[in-house]
Amino acid sequence: MGDYLIGVKFGGFEKILPEALKRVRSMTEALLESVSLDDQPVVDVRSWREP
Amino acid sequence: MEGAVKDKTLLELLRELASGALDAEDVLEAGMRCIRDLNESLHAFITVFDTPLRRADYKRGPLKGVPISVKDIIHVRGYPTTAGSKILRDYMPNYTAEIVEILLKLGATVIGKTNLHEFAFGVTNKNPHYGNCINPHRRDRISGGSSGGSAVAVATGMSALALGTDTAGSIRIPASYCGVTGFKPSYGLLSRHGVLPLSWSLDHVGYLGKSVRDIAFITGLTTQPPLFRDFRRSFRPYDLRRLRIGIPRNHFLEHVEEDVMHNFERTIGLLDRNGADVKDIKFPDYETFRDCRHIIVHAEAAAFHLKMMRESLGDYGEDVKRRLLEGMSIPASSYITALRARGPLLAKFRRIFREVDVLAMPTTVITAPKIDAESVEVAGVEFDVRTASLRNTEVFNVVGAPAISMPNGYSREGLPTSLQLVADINADWTLLSIAAGVEDLLS
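Each value, and the rule that gives it
- Residues numbered from 1 in each chain as written.
- Chains lettered and ligands numbered in written order.
- Predicted model: local features only at pLDDT ≥ 70, side-chain atom pairs only at ≥ 80, totals over all residues.
- Heavy atoms only, no water.
- Helix = DSSP H or I, 4+ residues; strand = E, 2+ residues; numbered from the N terminus.
- Buried < 20%, exposed > 50% of the residue type's maximum accessible area, 1.4 Å probe, protein only.
- Contact = heavy atoms within 4.5 Å.
- Areas by Shrake-Rupley, 256 points an atom, 1.4 Å probe, with all protein chains shown as cover.
- Lys, Arg positive; Asp, Glu negative; His and termini not counted.
- Charge placed at Lys NZ, Arg CZ, Asp CG, Glu CD.
- Rg over C-alpha atoms; globule rule 2.2 N^0.38 Å.
- Buried area = accessible area lost by both parts, 1.4 Å probe.
- Salt bridge = Lys/Arg side-chain N within 4 Å of Asp/Glu carboxyl O.
- Polar contact = N/O pair within 3.5 Å; in protein donor to acceptor, adjacent residues only side chain to side chain.
- Expected span 1.5 Å × (residues − 1).
- Core = buried A, V, L, I, M, F, W, Y, C linked by side-chain atoms within 4.5 Å.
- Pairing = 2+ DSSP bridges.
- Axes fitted to C-alpha atoms, helices over the stretch in contact; angles between N-to-C directions.
- Phe/Tyr/Trp six-rings, centres within 6.5 Å; stacked < 30°, edge-to-face > 60°.
- Lys NZ or Arg CZ within 6 Å of the ring centre and 35° of its normal.

Asks: Could you give an account of the overall build of chain B, with specific residues and numbers?
Replies: Looking only at helices and strands, one finds 15 helices and 13 strands in chain B. The dimensions of chain B, computed from C-alpha atoms along their principal axes, are 60 × 50 × 40 Å. Counting all 443 residues of chain B, 66% fall into the buried class. Considering only residue pairs separated by 6 or more positions, chain B has 75% of its internal contacts joining residues 24 or more positions apart. Counting every atom, chain B has about 15,400 Å² of accessible surface; 46% of that belongs to carbon and sulfur. Treating the 54 positive side-chain charges of chain B as one cloud and the 53 negative ones as another, the clouds have centres 5 Å apart.

Right, here's the structure in full:
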């Protein structure tokens, strides 16, 4: 990754990234618990229908 | 709107304009005078138009020339959309947002673009580029954000009404801190065309005003198609004796400032005594809602800002830069998992409304914090200002539900406190009707 992430130079911010990644990992684990095989991405809540 | 005029609600102004008791020019001049007197110290507006924008036939429209302000993330052709940023200081959109076009067509006068937390990505409205937006009730307090300028404009009488946006509480939080009414409608009810995004999936356009009826009137008038033909016939305060109110005591009421809690319990007691059926309920999976919102907003914001971050990272304020970089760390698989989790969360949320008509809670668990405060202590627990401000608002953007914040008193320090009512998705008109009934009771 170095000092760049997809073209964005984040010098000085590399310290926050491990913490952010840890937080995202933990949140993702919790969200995974709530989804089933039938759940599709909902971008616009108006298109959602109760299964 | 000086003197009595600046304190009038939108509907009061419209009645007096219709009867000839007031003239549109006088109403406009009174608002502009408030801006001249207060904007330098409160930083409510980023741009005040030299010539207010309105159509030649504005007097024939239902809004009759009343002054309206627009959050500076919403395009008005011919004026910059800075988004409260240094990066877009000179960005000139080549079209006007659809919601502003609708307001102009209805006879509104657009007077300027209001201050906001940079790129709408924060709740304090401390803006390093255009000045901190200051709370008119106490000058050592923040307005809250991100639609802070819109809240201050309405609270001080600079404009009768203001447009804002809400991705996690950005209309409701400043409305609560500044003592005005703020409404986030159901997702997509009001047009987002011509509004710079923070998060496409969670952004809502809505209004800040002086009363629930003002908000109901303008919301119903600016949906496509409008929600009513004759407002007085279509809109009635809800019969509170038929109302079922759910109080989600878990999480939402666990850590609340003493005066905020006192005013909330007083409001609920009043509703109970007037025949409403008040019951405690358990809100399901709060943390999952919160995590879902966090991932979606950070990932989508980072995607929107990617090009600007490559070119101008140093020009962002420190807090927004940090949030965007956090967003860069979110893998696509996490983001899509968050979008998938919305389905089960929607199902759980909607089930609540089999038992109740609305949820009620304080909009914010604290009153407006001091400008230099980084954290606040609430019921013996320390929270950073952002977390405390978002605590009772953010989850409802995940499901796109309508939510309204309305003043319900003051703290002993003279700062406003607010009640938030939340209804099922697309129950906007019912929610507004209920809120009007509650407003009548509180007045």
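Asks: Give a description of the overall build of chain A that names residues and reports values.
Replies: Along chain A, the regular secondary structure elements total one helix and two strands. The order of helices and strands in chain A, counted from the N terminus, is β-β-α. Its C-alpha atoms give chain A a radius of gyration of 17 Å, more than 25% over the compact-globule value 10 Å for 51 residues. By its C-alpha atoms, chain A is 45 × 20 × 15 Å across when sized along the principal axes. Put simply, chain A has 51 residues, and 33% of those count as buried. In the structure as shown, chain A presents an accessible area of about 3,700 Å², 54% of it carried by carbon and sulfur atoms.

Asks: Please set out the interface of chain A and chain B residue by residue, giving values where relevant.
Replies: Every contact between the two is made by 32 residues of chain A and, on the other side, 38 residues of chain B. For the pairing of chain A and chain B, the buried interface totals around 3,200 Å² over both sides, and the portion due to carbon and sulfur atoms is 69%. Here chain A and chain B share one salt bridge between them. Linking A:Arg23 and B:Glu326 is a salt bridge whose minimum nitrogen-to-oxygen distance equals 2.6 Å. The interface formed by chain A and chain B holds eight residue pairs in polar contact (both at pLDDT 80 or more) in total. Among the elements of the structure, strand E2 (8-9) and helix H1 (16-34) of chain A are those that each provide at least two residues to the side of chain A that touches chain B. For the side of chain A that touches chain B, the leading source of residues is H1(A), giving 12 residues.

Asks: Let's hear about helix H9 (residues 258-273) of chain B: which residues, and what values?
Replies: All names here are of chain B. With 16 residues, H9 extends 22 Å from end C-alpha to end C-alpha; this agrees with the ideal 22 Å at 1.5 Å per step. Inspection of H9 places Asp-259, Val-260, Asn-263, Phe-264, Thr-267, Ile-268, Gly-269 and Leu-271 among the buried residues, and these make up the whole buried set. Those residues of H9 hidden inside the fold are in contact with strand E7 (244-248), strand E8 (277-281), strand E9 (358-362), strand E12 (403-410), strand E13 (416-422) and helix H15 (428-442). Downstream of H9 by a residue or two, Gly-275 has a phi angle that is positive, lying close to 100 degrees.

Asks: Got a sec to walk through the nonpolar core? Specific residues and values, please.
Replies: Residue and element names in this part refer to chain B. Counting 152 residues, the largest nonpolar core has Leu-63, Val-100, Phe-283, Phe-349, Leu-359 and Leu-421 as the members making the most contacts within it. Here this core gets 11 residues from one element, more than from any other, and that element is helix H10 (residues 286-312). By size, the runner-up hydrophobic cluster in this structure holds 21 residues, among which are Leu-28, Ala-153, Ala-162 and Ile-171.

Asks: Break down the pairing of E8(B) for me, with residues and values.
Replies: One face of the sheet, then the other: side chains in a regular strand alternate in exactly this way. In the sheet, E7(B) pairs with E8(B) via five bridges, with the strands oriented parallel. Paired with B:Ile245 across the two strands is B:Val278, which belongs to E8(B).

Asks: Residue-level account of the side chain of B:Thr219, with values.
Replies: Residues and elements named next belong to chain B. By the element assignment, Thr-219 lies in helix H7 (residues 212-222). Within the structure, Thr-219 has its side chain in polar contact with the backbone oxygen of Ile-215 (distance 2.7 Å). Those residues in contact with Thr-219 that sit more than four places away from it in its chain are Phe-183, Leu-189, Leu-190 and Tyr-207.

Asks: So, the environment of B:Arg323: which residues are in play, and what are the values?
Replies: Position of B:Arg323 relative to the elements: it lies in helix H11 (residues 318-328). Those residues in contact with B:Arg323, other than ones at most four positions away along the chain, are B:His117, B:Phe121, B:Gly122, B:His298 and B:Arg386.

Asks: An account of the sheet that holds strand E4 (residues 161-166) of chain B is requested, with residue identities and associated values reported.
Replies: Residues and elements named next belong to chain B. In spatial order, the strands read E1-E3-E2-E4-E6-E5-E12-E13-E9-E7-E8; together these 11 strands make up an open sheet with mixed pairing. For this open sheet the edge positions go to strand E1 (45-53) and E8, each flanked by a neighbour on one side alone. For this sheet the average axis-to-axis angle between neighbouring strands, irrespective of direction, equals 25 degrees. Contacting E7, E8, E9, E12 and E13, H9 crosses the sheet at an angle of about 105 degrees to E12.

Asks: Explain the pattern of salt bridges residue by residue, including any values.
Replies: Residues and elements named next belong to chain B. In this structure the tally under the stated criterion is 31 salt bridges over all chains. A salt bridge links Arg-412 to Asp-259, with the nearest nitrogen and oxygen atoms 2.7 Å apart. Of this pair, Arg-412 sits in the loop between E12 and E13 while Asp-259 is found in helix H9, placing the two residues 153 residues apart along the sequence. Arg-290 is the partner of Asp-291 in a salt bridge, and the nearest nitrogen-oxygen pair spans 3.9 Å. Three or more residues joined by partner-sharing salt bridges are found here, namely Arg-138, Asp-140, Arg-141 and Glu-413.

Asks: I'd like a rundown of the packing of aromatic side chains, residues and numbers included.
Replies: Residue and element names in this part refer to chain B. For the structure on display, the rule yields 17 aromatic pairs over all chains. Judged by centre distance (6.1 Å) and plane angle (80 degrees), the rings of Trp-200 and Phe-304 are edge-to-face. Here the residue Trp-200 occupies a position in the loop between strand E5 (181-184) and strand E6 (204-209), and Phe-304 occupies one in helix H10, the gap between them amounting to 104 residues. The class of Phe-304 is partly exposed, set by a relative accessible area of 23%. Measuring from ring centre to ring centre gives 5.1 Å for Phe-283 and Phe-289, while their planes differ by 55 degrees; the resulting arrangement is tilted. Ring pairs connect the aromatic residues Phe-252, Phe-283, Tyr-286, Phe-289, Phe-349, Phe-353 and Phe-396, which therefore count as one cluster. Looking at Arg-54, its charged tip hangs above the ring of Tyr-58, at a distance of 4.1 Å from the centre. A cation sits over an aromatic face here: Arg-242 above Tyr-238, 4.9 Å from the ring centre.

Fair warning: the whole summary comes from geometry, so function is off the table for now.
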